[in-house]
Amino acid sequence: MAIQREFLESIPYFSGLDADELDSIGSHVFEKTVERGEIIQLEGNPAEALFFVASGAVKVFKTSAEGKEQILSIVRPGESFNDIPVFDGGLTPASTQAMTPVVLYGIARDKLHTILREHPQVALNTTRVLADRTRQLVSLVEDLSFRHVIGRVARILLEHASDGKTPRPRLTQQEMAALAGSVREVVARSLKALEAEGAITLERHRIRITDKKALEAMVEMSV
Amino acid sequence: MPEMPEIDLEKCDRCGLCISVCTCGAIVLIRNIVTITNTDDCGWCTWCEAVCPNEAISCSFEIVFDGGG
C-alpha cells in the first residue's frame, strides 16, 4: 500500500489527508491494466468507477454520427476521468481509450459514496475538482461551438505561410493554439476541418494552403 | 535525413509517455536521455507532442502556399 499512498497523496481529491485516511481510502482502490489501443469505456455507457491514471496516457473523445473523432482531453499520470458520470449517476459523456499501455487505479461508485461520507475533506476537495472541471469544459464548449476558432486558425495560417522566397518560422499545434487563444485539441480539429473543406492539405511536417480564397473567406466569416 | 520531432532536454523529465505512445519507434531512451532517432517510419502523428506534460517535444509545421515552398 506504500506506493498507493504516495500516489493518492498527489491526487487533488485526496489533498490534505493524513496517512491513516489515505490507507483507509486505499483499501477501496482497485488496479486495472489496459493495453495500448484498448477502449476503456464507450460513450453512453454507465460509469463503473472513478479512474486515476497511474502510468501511461488515456484519450477522452467523442465520436460524431459521421464517425469523426473529437479528442476532448488527454489524461496523464495523476489525473482522473469519469469524474462527472460517477458523481451524477448518468452515462459517460465521452469514450476513453488507452494511447499507451496504461495502469489505472479505480474507485467504484458505491465505494466512492462511502469515502465521501467518511471523509468530509474529500467531499470538499471534490467540489473544487468538479468546479475546475466545469470551467474547463465550458471553455472547450465555447471553442468547439463557434466558428471563430477555425477563422483564427485560418488567419494564423495565412499570416505565417511562406511563398517559397522568404522562409517563415514553423509552428507547432501548441503554438497555433496559443496564438488562437484556444487549446491544442481544438486547433487539431480545426486543421482537419480546413483540410476536409479543401482549403489546406496536411502533409508530414507541412501544411499546404491549397485554396487561399477559401481561407480568407473563413477569416471573414468568423469576424 | 527525414525531418523529425525536436526535444528540449531541459524541459524533459523522462516520464516516458512519448516513448510509450510512439508507434513507429522513433523515440527511445539512450543512457537515460530521451532521444529522437531518425526513421522514415515517423508519420508525424504528433502524439508525442500531445502527451508530453512539459511541452518538451515539438512537431512543428512549415506553412506554405501551394506552388511555393
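To be clear, the structure that these remarks concern was listed above.
Scope of this entry: the structure provided in the associated data block. (Residues numbered from 1 in each chain as written. Chains lettered and ligands numbered in written order. Predicted model: local features only at pLDDT ≥ 70, side-chain atom pairs only at ≥ 80, totals over all residues.)

Once that is clear, we can look at the overall build of chain A. Scanning chain A from terminus to terminus reveals 9 helices and 10 strands. Principal-axis analysis of the C-alpha atoms places the extent of chain A at approximately 65 × 30 × 30 Å. By residue count, 33% of the 223 residues in chain A fall in the buried class. (Helix = DSSP H or I, 4+ residues; strand = E, 2+ residues; numbered from the N terminus. Buried ≥ 20, exposed ≤ 12 C-beta atoms within 10 Å, placed from the backbone.)

On to unusual backbone geometry, then. Residues and elements named next belong to chain B. The phi dihedral of Trp44 is positive, around 60°, even though this residue is not glycine. Structurally, the position occupied by Trp44 is in the loop between strand S3 (33–36) and helix H2 (47–51). Phi at Thr46 takes a positive value of approximately 65°, unusual for a residue other than glycine. Structurally, Thr46 can be placed in the loop between S3 and H2.

Attention shifts here to the sheet that holds strand S7 (residues 95–98) of chain A. Residue and element names in this part refer to chain A. Spatial ordering of the open sheet is given by S2-S7-S4-S5, a layout of 4 strands whose pairing is antiparallel. Each edge of the open sheet is held by one strand with a lone partner, namely strand S2 (39–41) and strand S5 (69–75). Mean inter-strand twist for the sheet, computed between neighbouring axes without regard to direction, equals 30°. Sheet analysis places strand S4 (residues 58–63) next to S5, joined by 6 bridges and oriented antiparallel. Within S5, the position partnered with Lys59 by the bridge is Ile74. (Pairing = 2+ DSSP bridges. Axes fitted to C-alpha atoms, helices over the stretch in contact; angles between N-to-C directions.)

So, about the interface of chain B and chain A. Each partner contributes residues to the interface: chain B has 24 residues there, and chain A has 28 residues. Mapped by element, the contributors of at least two residues to the side of chain B that touches chain A are helix H1 (17–21), H2 and strand S5 (62–65) of chain B. (Contact = placed C-beta atoms within 7 Å.)

Right, let's get into the packing of helix H6 (residues 148–160) of chain A against helix H7 (residues 173–180) of chain A. Residues and elements named next belong to chain A. One can describe the packing of H6 onto H7 by two numbers: an axis separation of 9 Å at closest approach and a directional angle of 115°. In this structure, H6 meets H7 at a crossing whose hand is right-handed. Here H6 contributes Val149, Arg152, Val153 and Ile156 to the contact with H7, which in turn contributes Met176, Leu179 and Ala180. Here the contact of H6 with H7 is composed, by residue class, of 6 nonpolar, no polar and 1 charged. (Left-handed = near helix turned anticlockwise from the far one by under 90°. Nonpolar A, V, L, I, M, F, W, Y, C, P; charged D, E, K, R; others polar.)

With that settled, the discussion passes to the sheet that holds strand S10 (residues 206–209) of chain A. Pairing is mixed in the open sheet, where 3 strands are placed in the order S9(A)-S10(A)-S5(B). The open sheet has two free edges, formed respectively by strand S9 (200–203) of chain A together with S5 of chain B, since each of these has just one partner strand. Strand-to-strand twist in this sheet, taken as the mean axis angle between neighbours without regard to direction, amounts to 20°.

Residues separated by three or four positions in an α-helix point in the same direction, a consequence of the helix having 3.6 residues per turn. Residues and elements named next belong to chain A. The end-to-end C-alpha distance of helix H8 (residues 184–196), which contains 13 residues, comes to 18 Å, matching closely the 18 Å that a straight helix rising 1.5 Å per residue would cover. All buried positions along H8 are accounted for by Arg184, Glu185, Val186, Val187, Arg189, Ser190, Leu191 and Leu194. Where H8 terminates, the next one or two residues include Gly198, which has phi positive at roughly 85°. (Expected span 1.5 Å × (residues − 1).)

For the rest of this paragraph, the subject is the environment of Ile19 of chain B. Residue and element names in this part refer to chain B. Examined against the element boundaries, Ile19 turns out to sit in helix H1. Taking the C-beta count within 10 Å as the criterion, Ile19 has 18 such neighbours and is therefore assigned partly exposed. Note: C-alpha distance between Ile19 and Ile36 (17 residues apart in sequence) is 9.5 Å. Setting aside residues up to four positions removed in sequence, Ile19 forms contacts with Ile27, Val28, Leu29 and Val34.

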